[in-house]
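Residue-level listing of the chains:
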Amino acid sequence: MKTIKQLGLILTLIGFTLFTGSIFTGTYKVSQETFDTWVSQKIKSEYYIEKAQTQIVDQDLSAFELSSRIIDLASASNAFYQSQAEVDWDKIIWLKWNKSYGDLVYPLVRESATGWIPENQGLFFFLTFGLAIIGGLLFMLPDYKLLGLEGIKNNGIFQHSATNRGILGFLAFFYFVGFYVLLYFFPNYLVNPILSVNPISESLSGNPASQWFLYGFMYCAVMTVFAIRMYIKYRHNRYQVIRTSVVLFFQIAFAFLIPEILVAFNKPWFDFKNAWPLNYTFFFDWNINNLLNNGGLGLFMLVWGIVLTAIIVPVMVYFYGKRWYCSWVCGCGGLAETLGDPYRQLSSKSLLSWKVERWLIHGVLLFAIGMTGLTLYSYFAELETWKELAFGLSVYDVQNSYDFFIGSIFSGVIGTGFYPILGNRVWCRFGCPLAAYMGLIQRFKSRFRITTNGGQCISCGNCSTYCEQGIDVRAYAQKGENIVRASCVGCGVCSAVCPRGVLKLENGPEEGRINPTDVLLGNDIDLLELVNKK
């Protein structure tokens, strides 16, 4: 069994190395036809076109060289036209570091890829994703026998370099962050990895793969492999097995396959489980117009998105708490519970973290509400989103700021990249506006709670250690106090790791849900009177 695990690790490392190495390899040659097509869509500057003919067209370049020349020529072209007495603004190439590489550079680099990988996309997929997936399964499946009897095994987790902020943990941190930076801002450097999933994209939607298809496929593949790990580790716990299966189903079906199939039928890409404000672009003018222009199905999508946010989400939270979404439906939560499970003990339980959490997550919610309000105002007032509203800011500026700081940096780069450093629910705990919205309902108007039997608590601390939301569960258990925290996502791991059965996830009446916080001593109360009241 150990030999199989070692073989699996080797195969995973080979696939992982080939995938990463492809970012730095490959030759790109811009043909005249490709260049003319790209120019007709992106460039109006004669200066740029003239210079590019000698510096870009028919040159054998790396992705880094080609990308640099595209941007350098754009800057030189802009400087030339801006130096004229009368600036021809139509010929200015608008450059923004967080948009230009994706909007301007990537299309040309993608179409100019040459060599072995573009010609052998299926084989390259097997050598990267295929080997990594097979290796991951071979590494994890033997644990079913090696871990011995059923039960949650966290042996040595605080001594392992990968799961206790050691060298391996920091290497994973830098890799995750680096990948997300490339994915969000520099997809022109991910052309070869994107080409590896191109055959799958074309078979699903008929369209070439983009960086978002690559991300979606990776998301599902990683969740699936690490779901196997969850099944083995928590195989004695029915709640965890079912929960993992359901969240995996929602991610693969609703966030990946159904949207791609919709696109194949020339319908809008739409994730039916993604609610505002997590789906922060839902009320953007381009999205509303796109849905309204797609007939009955588009109108249904628009109505469904509103009903999901305004009715279904609060009603479900009232009956089942935010766990129904955060731990059973949401893709962010699904990745955190599968890939992120080995890091759950790294979530800070300090009072400072709790204070930061409350200010930060509700601040993001207010930001999302304000941005959406401005967006809807401009839409119904029929104002152009780029026109200044106040203080030199337009609706587009506000949308773009939210997209950059929250949608990209917080939810992506920090939210997933910081798993090995801050735990697996960084985004859910500190940044997700939908979690904040549901948390407010859960705290004050919900039937969900985690009940505690304080008399059975032996203060082992397992519950607090493995709470991914940083809740000091033991403090509640010692007092026999129900846990009704707004941040609790009801993952149930605190209950699963408790050796005494102290904790139980329940949906009950609102009366008595929030019980006293004081520790009751025998000489403080009349016990007979208390029993009679019960």
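Cut-offs applied
- Residues numbered from 1 in each chain as written.
- Predicted model: local features only at pLDDT ≥ 70, side-chain atom pairs only at ≥ 80, totals over all residues.
- Heavy atoms only, no water.
- Helix = DSSP H or I, 4+ residues; strand = E, 2+ residues; numbered from the N terminus.
- Rg over C-alpha atoms; globule rule 2.2 N^0.38 Å.
- Contact = heavy atoms within 4.5 Å.
- Areas by Shrake-Rupley, 256 points an atom, 1.4 Å probe, with all protein chains shown as cover.
- Lys, Arg positive; Asp, Glu negative; His and termini not counted.
- Charge placed at Lys NZ, Arg CZ, Asp CG, Glu CD.
- Pairing = 2+ DSSP bridges.
- Expected span 1.5 Å × (residues − 1).
- Buried < 20%, exposed > 50% of the residue type's maximum accessible area, 1.4 Å probe, protein only.
- Axes fitted to C-alpha atoms, helices over the stretch in contact; angles between N-to-C directions.
- Parallel < 35°, antiparallel > 145°, perpendicular 65-115°, else oblique.
- Left-handed = near helix turned anticlockwise from the far one by under 90°.
- Nonpolar A, V, L, I, M, F, W, Y, C, P; charged D, E, K, R; others polar.
- Core = buried A, V, L, I, M, F, W, Y, C linked by side-chain atoms within 4.5 Å.
- Phe/Tyr/Trp six-rings, centres within 6.5 Å; stacked < 30°, edge-to-face > 60°.
- Lys NZ or Arg CZ within 6 Å of the ring centre and 35° of its normal.
- Arc of directions from axis to C-beta.
- Polar contact = N/O pair within 3.5 Å; in protein donor to acceptor, adjacent residues only side chain to side chain.
- Salt bridge = Lys/Arg side-chain N within 4 Å of Asp/Glu carboxyl O.

> How would you sum up the overall build of the chain? Please name residues and give values.
Looking only at helices and strands, the chain has 26 helices and 7 strands in total. A compact globule built from 534 residues would reach a C-alpha radius of gyration of about 24 Å, and the chain, at 26 Å, matches this within 12%. With the C-alpha coordinates aligned to their principal axes, the bounding extent of the chain is approximately 95 × 65 × 45 Å. Once local pairs closer than 6 in sequence are excluded, the contacts in the chain between residues at least 24 apart make up 76%. If you sum the accessible surface of the chain, you get close to 25,500 Å²; carbon and sulfur atoms cover 63% of it. A distance of 14 Å separates the average location of the 42 positive side-chain charges in the chain from that of its 38 negative side-chain charges.

> Go over the sheet that holds strand S1 (residues 27-29) with me, naming the residues and quoting the values.
Spatially, the 3 strands line up as an open sheet ordered S2-S1-S3, and their pairing is antiparallel. For this open sheet the edge positions go to strand S2 (60-61) and strand S3 (113-114), each flanked by a neighbour on one side alone. As paired strands, S1 and S3 are joined by 2 bridges and run antiparallel to one another. Counterpart to Tyr 28 in the pairing with S3 is Ala 113.

> Any chance you could break down helix H22 (residues 433-444) for me, citing the residues and the numbers?
Taking 1.5 Å of rise per residue, 12 residues should cover 16 Å, and H22 covers 17 Å from first to last C-alpha, within 8% of that figure. Among all positions of H22, only Pro 433, Leu 434, Ala 435, Ala 436, Met 438, Gly 439, Ile 441 and Gln 442 are buried. Elements in contact with the buried residues of H22: helix H15 (295-320), helix H16 (323-326), helix H18 (351-380), helix H19 (395-414), helix H21 (426-430) and strand S6 (448-452).

> Which residues make up the packing of H15 against H22, and what are the values?
Running from N to C, H15 and H22 cross one another at 50°; their axes reach a closest spacing of 9 Å. Compared by their axis directions, H15 and H22 come out oblique. Viewed along their axes, H15 and H22 form a crossing whose handedness is right-handed. Each of Thr 309, Val 313, Pro 314 and Val 317 in H15 lies in contact with H22, whose residues at this interface are Leu 434, Tyr 437, Met 438, Ile 441 and Gln 442. Its residues assigned to classes, the contact of H15 with H22 shows 7 nonpolar, 2 polar and no charged.

> So what's going on with unusual backbone geometry? Which residues, and what values?
The omega angle of the peptide bond from Trp 276 to Pro 277 is 5°, so this bond is cis rather than trans. Relative to the assigned elements, Pro 277 resides in the loop between helix H13 (238-264) and helix H14 (285-292). Located in the positive-phi region is Asp 58, a residue other than glycine, with phi close to 60°. Checked against the element boundaries, Asp 58 lands in the loop between helix H3 (46-55) and S2. A positive phi angle, close to 60°, is found at Asn 266, a residue other than glycine. Its location among the elements puts Asn 266 in the loop between H13 and H14.

> A description of the nonpolar core should follow, citing residues and the corresponding values.
The biggest cluster of nonpolar side chains holds 69 residues, and the ones touching the most others in it are Trp 38, Tyr 48, Ile 56, Leu 66 and Ile 70. If you tally residues by element for this core, the top one is helix H12 (residues 211-233), at 10 residues. Counting 42 residues, the second largest nonpolar core, distinct from the first, contains Val 317, Trp 324, Ala 435 and Met 438.

> Which residues make up the packing of aromatic side chains, and what values do they have?
For the structure on display, the rule yields 45 aromatic pairs. Ring centres 6.3 Å apart and planes at 10° place the aromatic pair Phe 24 and Phe 64 in the stacked group. With Phe 24 in the loop between helix H1 (2-21) and S1 and Phe 64 in helix H4 (residues 63-82), the pair connects residues that are 40 residues apart, well separated along the chain. Note on Phe 24: relative accessible area 58%, which makes it exposed. Its guanidinium or amino end placed over the ring of Phe 139, Lys 5 lies 3.8 Å from that ring's centre, counting from NZ or CZ.

> I'd like to hear about H14, residue by residue, with values.
For H14, the full list of buried residues reads Asn 287, Ile 288 and Leu 291. The arc that holds the buried residues of H14, viewed along the axis, is 100°, so those residues lie on one side. Buried residues in H14 make contact with H15 and H18.

> Kindly report on the environment of Leu 292, identifying the contributing residues and their values.
Positionally, Leu 292 belongs in helix H14. Owing to a relative accessible area of 41%, Leu 292 belongs among the partly exposed residues under this scheme. Linking Leu 292 and Leu 302, residues 10 residues apart in sequence, is a C-alpha distance of 7.8 Å.

> Could you give an account of the side chain of Thr 20, naming the residues involved and the relevant values?
Among the structural elements, Thr 20 can be located in helix H1. Taking the relative accessible area as the measure of exposure, Thr 20 reaches 19% and is therefore buried. Reaching out from Thr 20, the side chain makes a polar contact with the backbone oxygen of Phe 16 at a distance of 2.9 Å.

> Before we move on, could you go through the pattern of salt bridges and cite the residues and values that matter?
Side chains bearing opposite charge may pair, as long as their charged atoms lie close to each other. For the structure shown, the criterion picks out 16 salt bridges. Lys 99 is the partner of Asp 403 in a salt bridge, and the nearest nitrogen-oxygen pair spans 3.2 Å. With Asp 403 in helix H19 and Lys 99 in the loop between H4 and helix H5 (100-111), this pair connects stretches of sequence that are 304 residues apart. For Lys 99, a relative accessible area of 25% corresponds to the partly exposed category. Glu 468 serves as the salt-bridge partner of Arg 425, at 3.3 Å between the closest nitrogen and oxygen. You can see Arg 425 sitting in the loop between helix H20 (419-422) and H21 and its partner Glu 468 sitting in the loop between helix H23 (462-465) and helix H24 (473-479), a full 43 residues away along the chain. Here Glu 468 falls in the buried class, since its relative accessible area comes to 1%. Residues joined in a network through salt bridges with shared partners are Arg 229, Lys 233, Arg 243, Glu 337, Asp 341, Arg 344, Arg 425 and Glu 468.

> Mind laying out the environment of Glu 382, listing which residues take part and the relevant values?
Considering the arrangement of structural elements, one finds Glu 382 in the loop between H18 and strand S4 (388-390). Residues Glu 382 and Val 398, 16 residues apart in the sequence, show an inter-C-alpha distance of 17 Å.

> A description of the pairing of S6 should follow, citing residues and the corresponding values.
Summarising burial for S6: 5 of the 5 residues are buried, a large majority. Judged by which residues are buried, S6 turns out to be covered on both faces: Phe 448, Ile 450 and Thr 452 on one side and Arg 449 and Thr 451 on the other are all buried. Relative to strand S7 (residues 503-507), S6 runs antiparallel, the two being bridged by 5 bridges. Looking across to S7, one finds that Phe 448 is bridged to Asn 507.

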